[in-house]
Every structure is written in C-alpha cells, then in structure tokens.
Amino acid sequence: MRCLKTLSLLSLVACASAPPKAKTAKGPIERTILINGATLEIKINEPDLPPWEMTKLMKAVGDAARAVDNTFFDTGVLELLNDELKKGKGPVKLHPRTGRMIADAVRGYQLSTGIFDPTVGPLISAWRAEGWQQPPPAVLRAALMRVGADKLLLSADRTELRTTVSGMRLEPRGMRDGWVVNRVKELLDKRRINNYYINFNGSCFYGAGTGPGAKPWPVMVRDHRSKPVAQVYLSDQSLSLSVSLVPRPDGRPGKKGHIYDPRDGFMVSTPRSVLAVAPSPLDAEILSTSSVVLGENADVVSMKIADSGIVIYQGKSEAPLRIGEPVDLRPLKRFDDDF
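Residues numbered from 1 in each chain as written. Predicted model: local features only at pLDDT ≥ 70, side-chain atom pairs only at ≥ 80, totals over all residues. Heavy atoms only, no water.

## Considering unusual backbone geometry
Heads up, the rule is: Labels follow the DSSP assignment, with helices taken as runs of H or I lasting at least four residues and strands as runs of E lasting at least two, numbered in each case from the N terminus. In this scheme, a residue with accessible area under 20% of its type's maximum is buried, one over 50% is exposed, and one in between is partly exposed, where area comes from a 1.4 Å probe on protein chains only.
Of note, the amide linkage connecting G90 to P91 takes the cis form, showing an omega dihedral of 10 degrees. Positive phi, normally seen in glycine, also occurs at T113, with a value near 50 degrees. Checked against the element boundaries, T113 lands in the loop between α4 (96-111) and α5 (121-129). Taking the relative accessible area as the measure of exposure, T113 reaches 51% and is therefore exposed. One non-glycine residue, R158, adopts positive backbone phi at about 60 degrees. Looking at the element boundaries, R158 is found in the loop between β4 (152-154) and β5 (160-163). Taking relative accessible area as the criterion, R158 reaches 38% and is therefore assigned partly exposed.

## Points about the sheet that holds strand β8 (residues 217-222)
Put simply, the test is: By the convention used here, strands pair only if DSSP detects at least 2 bridges between them. Orientation is described by axes fitted as lines to C-alpha atoms, over the contacting stretch for helices, and by angles from 0 to 180 degrees between their N-to-C directions.
The three strands are arranged β8-β9-β16 in an open sheet whose pairing can be described as antiparallel. Among the strands making up the open sheet, the edge pair consists of β8 and β16 (329-331). Going across the sheet, the axis of each strand differs from the next one's by a mean of 30 degrees, ignoring polarity. In terms of strand pairing, β8 meets strand β9 (residues 228-234) through six bridges, oriented antiparallel. Across the sheet, the residue bridging to P218 is Y233, located in β9.

So, in structure tokens, the structure goes:
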C-alpha cells in the first residue's frame, strides 16, 4: 500500500511540474471574393473578431468593391459618360462616385506631369482599329488632339463635366485596381479593423498594421522576365505592380505593350516591371503606371508623393533601379525561385 501511495504521489508531482502545452497561435482570417472575374483577397489579423462579424464584413466588402468596379464595364457609368462625350463637349451630369474618380484621375495627371492620363481613349481606339499595329502618323496626330486631362472641365462639386474639345473618351483604367483597394480600405478602417491585407487582381495591395507574428505583410514580386525575385513588406502602405508587356489580346504568340505614352501616342515596348509603394493605393497606381513610361526618369513623379518609392526591373542587369524613398524589398533566396 505504501508503495502504491508513493507511486501515486510521484505521478502527481510529475504532472504538476510538467510544462503547460503552448497554445497554437491563430493565423489571420482569410477570404477570397470574385469581383467581376477578378480575385479580391482579404486577410484580417484580428484574433478577437467573431466569425459572424467576419461574414457580415465580407458581404459589405464585396458589395463596395463591385459598386466601384462596375464603373469600368461596357454597361457601367463610365461607358454611358463616354457615349455622351461622343456628341460634343458636354455638359454631362455625373454620379458623385464617378465625379470623385475623375477628380482622382486628374490629380494623377497633374502629379505625373501629364504621363498618367485618363483621356487616352482616342489612342486606344486608333491602335485597336489597326489590329494593335502602329497607326499611321496622321491618325495618331488626330487622336492626340483629343487627349489630355487638361482639356477636362470638372465642376467644383464634381457633378458636371465639360471638355474643351469634342469627341474625347475617358479611359482611367490605370486606377481601376487602386480605386477598388482604396474603397475596401476605407470600409475596413471605418469598421475599426487595424491589421489587414488586401490583394486585388494580383496588382494592387495594401497592408495595414501587422500580420502574423507582428510582422509586416509580405508580397512576392516578379521582374520583367516574370521571374519571382523578391518580397516587399508592407505596413500601412500600398503596393502597385505594373508591367510594360502583356499577352496579345488576339491569342497570337508573344506580348504587346498596353500602356500608352500620351506625349507621342506610342505604346511602351521596352520590357519593364515596376513596383511602387506609397501610403495611398491611388498614389501607388499613379506611380507604377507612370514609371512604366518614364523608366529611370520616374523621380519627377516620386518626388511629388511623400513617403513613396519605386523599384524598376529592366534590361540585362539583375539589380533593380531604386527611386525615391527606400522600399522594404528582400530578395528571394535561390531555393525560393519556384515560390
């Protein structure tokens, strides 16, 4: 009996002295929503957020993102506006959201000294009519007469638009992803979500606060050869990725330019990959698109946007060109090449 008691006592002591099991830290809650065929990825690093609140929040996020994105489709407000502009110089009545978008795009035009131009529609039409081959010089000159955001006259309350020339066409798609991310950011901030990550369409990102382990949010980036080369870490920052060449829309082999230089009407043909970091998703979009056109001269834009930085991959060099404020860019290790 004494031996049994002794053994029982020893067992109790051993159990009492054993270290407690470590609790498994919860990872961020992740959701992916389809927005008109594009993916919107949301990660929220808030352990105390109840599941029912997350479900309600994602419903609101999806509705807000679609409301913005719908503007850019053939049945959207933007196309209806362009139909009115075909008739002359206006005035055209604007929905408040559309007026705000146009104001943001005009601001991008001003910050980029005319490189980020939301009125390149006539150029796009000219290239499309030629099967995406270079239009004749006379056709380009005629299109350029109707290009330039300085020809837009937006009322102070953003509810009415006029133009100084007839037949203009708005194509501010360069800010589409930034507008979606910015709207989702506004909604999450309003709901007092402090630590979150947004990825829309794999081209515009925002990281608020911190991710798991109290670390910044990582985003993998590729160079102009489509090779994974580094990760950018975001904390209360937005990242926009732009490339100069994309697959041909007609399905033929090879790639083509898709970003227009409003100074001469040509598409950028130099292989170039740009990542731009800024506090605002809209400013990051302005920076990345403009930098595809400007290349090493992109400092004329970055110097106008506080706390912004640009990294450009181009040419034969493996080392990227860095412009503006430092970007938290960490090269991938060799064994991460297939990330």
